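Examining the three-dimensional arrangement
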Amino acid sequence: MFEGLRLFTQETFGGNGRTCATCHPPTHNFTIDPAYIGTLPADDPLFVAENNPKLRSLERPELLRQEGLISVNVDGFGRPAVSRSVPHLHGLSQSIKPGATPFPSAHMTGWSGDGSPGPGSLRTFAMGAVRQHFTRTIARRACGSATYNPDQCDFRMPSEAELNALQEFQLFLGRQSEINIEPYSNNPGEIVFRDWDVEYGKMLFHTVAGGENLSCASCHRNAGANDQDGNGTLFDVGANKDPRIPACLDPGKVPGDGGFGRVTQATASGKAICGTAKDFNIVFTGDNRFNTPSVIEAADTGPFFHNNIVNTIEDAVAFYSDAAFAGSEAAKGVAFQFLPEEQQQIAAMLRTVNALDNMNNSDRFDLLALRGAASQPTLTKLVIKIAASETKDAIGVLTGSPLPIYADTDVISLLNQALAEEQQAITAWNPQLMYRAVNLRKRARAEMIRSRE
């Protein structure tokens, strides 16, 4: 596990200085957003396209800095790159299962489900990421790990052992099993929330109807990434034809993002989609379907959708009552009908499951720190920082709700105490600090939920 963490945060693979953590910082939910990007120094490897003349076309700097979007050649390096957000890496073991119908890849990875090269597995995803983001020139001259020569290669591919270690680390991140928020399921594992607004939001998540009587839970069973039968899914929800898409932000220069597939091409009116005075063409490659993400981890990993078109979890819920969703293949002309308070209640439920997931992640990283303290002191300090960041996120997610959820409990006080223990452990190692933090979060969870008996 520690070797995977070391590779993830330190290994540049002979490239331009970037590591996996450049775009997936462990203490920032393994993703980036404009606010985080604004804190980075000018010489950060994320900005290599601004600082290295050989890599001017590697990114679109304005979209990167202002929208948190990176350039990805999802349809091959012979076609223009689309601009996409950086997906977090939490709960991958529960979100990459291919759907029930034949799927061309071993796993559903990336925003369009086909983001990994070769067999399309999570393990080989790192190879595509290195080629896309780590290269020292646009020529992308690759070498094997044993034959790397900086005069002849722009990067080296990860070795088999490195691919294994990176996969092990990524599968460690986030939840390791499904949760159960199916209401009235008579299942002893069902999560019942003690806050009324949150519990009512859970009911709405399962009952508010859209087209063909679909609910939020139809595509996000138990707030996860799978459908009611446990299958991974691809859907067209209209997010790639919303007026806020990257192609509208830089008219005529950024291609449309067609999601899954590299064959089907369609041209749409930029004026019709973006509402601009002057018309221009937006070319889409793909069938407009995107990989359904888990929403358990959503609240603190915004902005949202594959193109960062909305900023808060409340805005993400509200999107499904917008015209862009109503016009999508998934909606079939019928958007969800939410009252404003109902949107907030659904979002409050999502904030709560996110906070619970944060707490579980903190526990797992604190316990990992206990395992590595003697043999991996430097990496152990980073592990504790990750645990502390997850505890801090749980506080921010709950207090950021427009509704006063859990305001009459000691949840936030207990989490603040746990955070203080972890912050102290970063500078003054003491195993008891880790155990105390875990116990404080256990008490916080007890005030937030109960399981149906």
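Just so we're clear, the structure is a prediction, and the values are computed from it rather than from any experiment.

**Thoughts on the packing of helix H14 (residues 340-372) against helix H15 (residues 377-399)**
One can describe the packing of H14 onto H15 by two numbers: an axis separation of 8 Å at closest approach and a directional angle of 165°. Overall, the two elements H14 and H15 adopt an arrangement that is roughly antiparallel. As H14 runs across H15, the sense of the crossing is left-handed. The class makeup of the residues in the contact of H14 with H15 is 13 nonpolar, nine polar and four charged.

**Brief notes about the layout of surface pockets**
What the second largest pocket holds in volume is close to 300 Å³. Taken together, 18 residues form the lining of the second largest pocket, with Ala-299, Asp-300, Thr-301, Asp-393 and Val-397 sitting closest to its centre. Ranked by residues supplied to the lining of the second largest pocket, first place goes to H15 with four residues. Classifying every residue of the lining of the second largest pocket gives four nonpolar, nine polar and five charged.

**Some points on the packing of helix H6 (residues 122-133) against helix H7 (residues 160-172)**
At their nearest, the axes of H6 and H7 sit 8 Å apart, and the two run at 115° to each other. The angle between H6 and H7 places the two elements in the roughly perpendicular class. Handedness of the H6/H7 crossing: right-handed. For the pair formed by H6 and H7, the contact residues are Leu-122, Arg-123, Ala-126 and Met-127 on the first element and Glu-160, Leu-163, Asn-164, Leu-166, Gln-167, Gln-170 and Leu-171 on the second. Partitioned by chemical class, the residues of the contact of H6 with H7 number six nonpolar, three polar and two charged.

**Things to note about the packing of aromatic side chains**
Under the criterion given, the structure shown has 15 aromatic pairs. Each member of the aromatic cluster is reached from another via a ring pair, and the members are Phe-305, Phe-319, Tyr-320, Phe-325, Phe-336 and Phe-338. Taking NZ or CZ as reference, Lys-241 lies 5.1 Å from the ring centre of Phe-284, over its face. Sitting above the plane of the Phe-172 ring, Arg-364 keeps its charged end 4.1 Å from the centroid.

**Observations regarding the environment of Ala-21**
Topologically, Ala-21 is positioned in helix H2 (residues 20-23). Ala-21 sits in the buried class, given a relative accessible area of 13%. With residues up to four places along the chain from it excluded, the contact list for Ala-21 reads Phe-8, Thr-9 and Pro-26.

**Overview of the nonpolar core**
Ranked by internal contacts, the top residues of the largest apolar core, which has 94 residues, are Phe-193, Phe-205 and Met-448. Counting residues per element, this core draws most heavily on H14, which supplies twelve residues. Of all hydrophobic cores here, the second largest spans twelve residues; its members include Ile-37, Leu-40, Leu-64 and Val-82.

**Focus on unusual backbone geometry**
Going from Gly-302 to Pro-303, the amide bond is cis rather than trans, its omega being 0°. For Pro-303, the location among the structural elements is in the loop between strand S9 (290-291) and helix H12 (313-319). One non-glycine residue, Phe-305, adopts positive backbone phi at about 70°. Turning to its location among the elements, Phe-305 is positioned in the loop between S9 and H12. In this structure Phe-305 comes out as buried when scored by relative accessible area, which is 13%. For Asn-308, which is not glycine, the phi torsion reads 60° and is therefore positive. Examined against the element boundaries, Asn-308 turns out to sit in the loop between S9 and H12.

**Structural notes on the pattern of salt bridges**
Throughout the structure, instances matching the rule amount to 23 salt bridges. With a closest N to O distance of 2.7 Å, Arg-84 and Asp-257 form a salt bridge. Of the two residues, Arg-84 is situated in strand S2 (residues 82-84) and Asp-257 in the loop between helix H10 (246-249) and strand S7 (265-269); the sequence distance between them amounts to 173 residues. Neither residue differs from the other here; Arg-84 and Asp-257 are each classed as buried. Between Glu-422 and Arg-441 there is a salt bridge whose closest N-O contact spans 2.7 Å.

**Quick notes on empty space enclosed by the protein**
All told, the structure shown has one cavity of 30 Å³ or more when counted by the stated rule. Lining the largest cavity we find Val-82, Ser-83, Asn-240, Ile-245, Pro-246, Ala-247, Val-254, Pro-255, Gly-256, Asp-257, His-306 and Asn-307. Looking at the lining of the largest cavity, the elements that each hand over two or more residues are S2 and H10.

**Overview of the state of the cysteines**
In this structure the tally under the stated criterion is two disulfides. One disulfide bridge connects Cys-143 with Cys-153, the sulfur atoms lying 1.6 Å from each other. A torsion of -60° about the S-S bond marks the disulfide between Cys-143 and Cys-153 as left-handed. With Cys-143 in strand S3 (residues 142-143) and Cys-153 in the loop between S3 and strand S4 (155-156), this residue pair connects regions lying ten residues apart in the sequence. Exposure remark for Cys-153: the relative accessible area of 0% places this residue in the buried category. Each sulfur of the disulfide joining Cys-248 and Cys-274 lies 1.9 Å from the other. Residues Cys-248 and Cys-274 are joined by a disulfide whose S-S torsion is about -80°; by sign, that bridge is left-handed. Of this pair, Cys-248 sits in helix H10 while Cys-274 sits in helix H11 (residues 270-274), and the two are 26 residues apart along the sequence. Residue classification places Cys-248 among the buried residues on the basis of a relative accessible area of 11%. When the bonded cysteines of the chain are numbered from the N-terminus onward, they pair as 1-2, 3-4. No disulfide involves Cys-23; its nearest neighbouring cysteine sulfur is the one of Cys-20, lying 9.4 Å away. Free cysteine Cys-216: the closest other cysteine sulfur is in Cys-219, separated by 9.0 Å.

Cut-off values and rules
Residues numbered from 1 in each chain as written. Predicted model: local features only at pLDDT ≥ 70, side-chain atom pairs only at ≥ 80, totals over all residues. Heavy atoms only, no water. Axes fitted to C-alpha atoms, helices over the stretch in contact; angles between N-to-C directions. Helix = DSSP H or I, 4+ residues; strand = E, 2+ residues; numbered from the N terminus. Parallel < 35°, antiparallel > 145°, perpendicular 65-115°, else oblique. Left-handed = near helix turned anticlockwise from the far one by under 90°. Nonpolar A, V, L, I, M, F, W, Y, C, P; charged D, E, K, R; others polar. 1 Å grid on protein atoms, 1.4 Å probe; cavity = no way out; pocket = protein on both sides within 12 Å on 5 of 7 lines; lining within 4 Å. Points joined across faces, edges and corners; volume = space filled by probe spheres on them. Contact = heavy atoms within 4.5 Å. Phe/Tyr/Trp six-rings, centres within 6.5 Å; stacked < 30°, edge-to-face > 60°. Lys NZ or Arg CZ within 6 Å of the ring centre and 35° of its normal. Buried < 20%, exposed > 50% of the residue type's maximum accessible area, 1.4 Å probe, protein only. Core = buried A, V, L, I, M, F, W, Y, C linked by side-chain atoms within 4.5 Å. Salt bridge = Lys/Arg side-chain N within 4 Å of Asp/Glu carboxyl O. Disulfide = S-S within 2.5 Å.

Shape descriptors only; they carry no functional weight alone.
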